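A look at the structure
Here is what each chain is made of, one letter per residue.
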Amino acid sequence: QVQVVESGGGLVQAGGSLRLSCTVSGRAFDRYAMGWFRQAPGKEREFVATISRTGSSTNYAHSVKGRFTISRDNAKSTVYLQMNSLKPEDTAVYYCAARGTVLNGARSQYEYDFWGQGTQVSVSS
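If you're wondering where the values come from, they're calculated on a predicted model, not measured in any experiment.

1. Comments concerning unusual backbone geometry
In this model, serine 85 sits at a positive phi of 50°, which is unusual for a non-glycine residue. Mapped onto the fold, serine 85 is located in the loop between strand 8 (78-83) and strand 9 (92-100). Positioned with a positive phi, threonine 101 is a non-glycine residue whose angle comes to about 70°. If you trace the backbone, threonine 101 turns up in the loop between strand 9 and strand 10 (114-115).

2. Some details on the pattern of salt bridges
Considering all chains together, one arrives at four salt bridges under this definition. One salt bridge in this structure joins arginine 38 and glutamate 46, with 2.6 Å as the shortest N-O distance. Residue classification places arginine 38 among the buried residues on the basis of a relative accessible area of 6%. Here arginine 38 and aspartate 90 are joined by a salt bridge, their closest N and O atoms 2.9 Å apart. Here arginine 38 is found in strand 4 (residues 32-39), whereas its partner aspartate 90 is found in the loop between strand 8 and strand 9, with 52 residues between them in sequence. Comparing arginine 38 with aspartate 90, the two get one shared label, buried.

3. Concerning the environment of phenylalanine 29
Position of phenylalanine 29 relative to the elements: it lies in the loop between strand 3 (18-25) and strand 4. For the pair phenylalanine 29 and valine 2, spaced 27 residues apart in sequence, the C-alpha separation works out to 9.7 Å. When near neighbours in sequence (up to four residues on either side) are disregarded, phenylalanine 29 contacts Val24, Met34, Arg72, Asp73, Asn74, Ser77, Thr78 and Val79.

4. Thoughts on the sheet that holds strand 8
Spatial strand order, 1-3-8-7: four strands in an open sheet with antiparallel pairing. If you trace the sheet from one side to the other, it starts and ends with strand 1 (3-7) and strand 7 (68-73), each paired once. Here the average twist between neighbouring strands, direction ignored, is 15°.

5. A short note on the environment of serine 52
Tracing the chain through its elements places serine 52 in the loop between strand 5 (46-51) and strand 6 (58-60). You can call serine 52 buried: its relative accessible area is 1%. For the pair serine 52 and methionine 34, spaced 18 residues apart in the sequence, the C-alpha separation amounts to 6.6 Å. Not counting the four nearest positions on each side in its chain, serine 52 is found in contact with Ala33, Ser57, Arg72, Leu103, Asn104 and Gly105. In terms of polar contacts, serine 52 uses its side chain to reach the backbone amide nitrogen of serine 56, at 3.3 Å.

Reading the values: rules and limits
- Residues numbered from 1 in each chain as written.
- Predicted model: local features only at pLDDT ≥ 70, side-chain atom pairs only at ≥ 80, totals over all residues.
- Heavy atoms only, no water.
- Helix = DSSP H or I, 4+ residues; strand = E, 2+ residues; numbered from the N terminus.
- Salt bridge = Lys/Arg side-chain N within 4 Å of Asp/Glu carboxyl O.
- Buried < 20%, exposed > 50% of the residue type's maximum accessible area, 1.4 Å probe, protein only.
- Contact = heavy atoms within 4.5 Å.
- Pairing = 2+ DSSP bridges.
- Axes fitted to C-alpha atoms, helices over the stretch in contact; angles between N-to-C directions.
- Polar contact = N/O pair within 3.5 Å; in protein donor to acceptor, adjacent residues only side chain to side chain.

Right under this line is the structure:
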C-alpha cells in the first residue's frame, strides 16, 4: 500500500516563505512522478507544480512560477515545495500526489494515482 504524507504547512505573513515536504512509502519512490496541487475554500483543486521521476523536468502553474520551486530527493523518498514571496491568494490546502509508471508528471489531477491528506497553508496580509 502506497502512503503519501505531507508536512510543513502553517501560517505565514505575506512575503514570507514555507517549505512543504511529502514522503512516499510502500513502493520505490523513483517509480513516481510527483505533483503538488492546492485547493482554496470554495474553489476547485488546481495544479501547482510537478516533477519527473528523475527530477530533471519540472513544470509550474503560471501563478507560482518564479516564486515556488519543486524538488525531490529520491534517496529520502521525499518531494519538496519551496514557496517564497507568498501571497494571501496562496492560502489553500496543499496536496501531494504520485503518478506511477510514467516518467513525467501531469497538470491534471486525474492523472495521479495516490494522494496525501493535505496540509494547510495560510498567508496573512
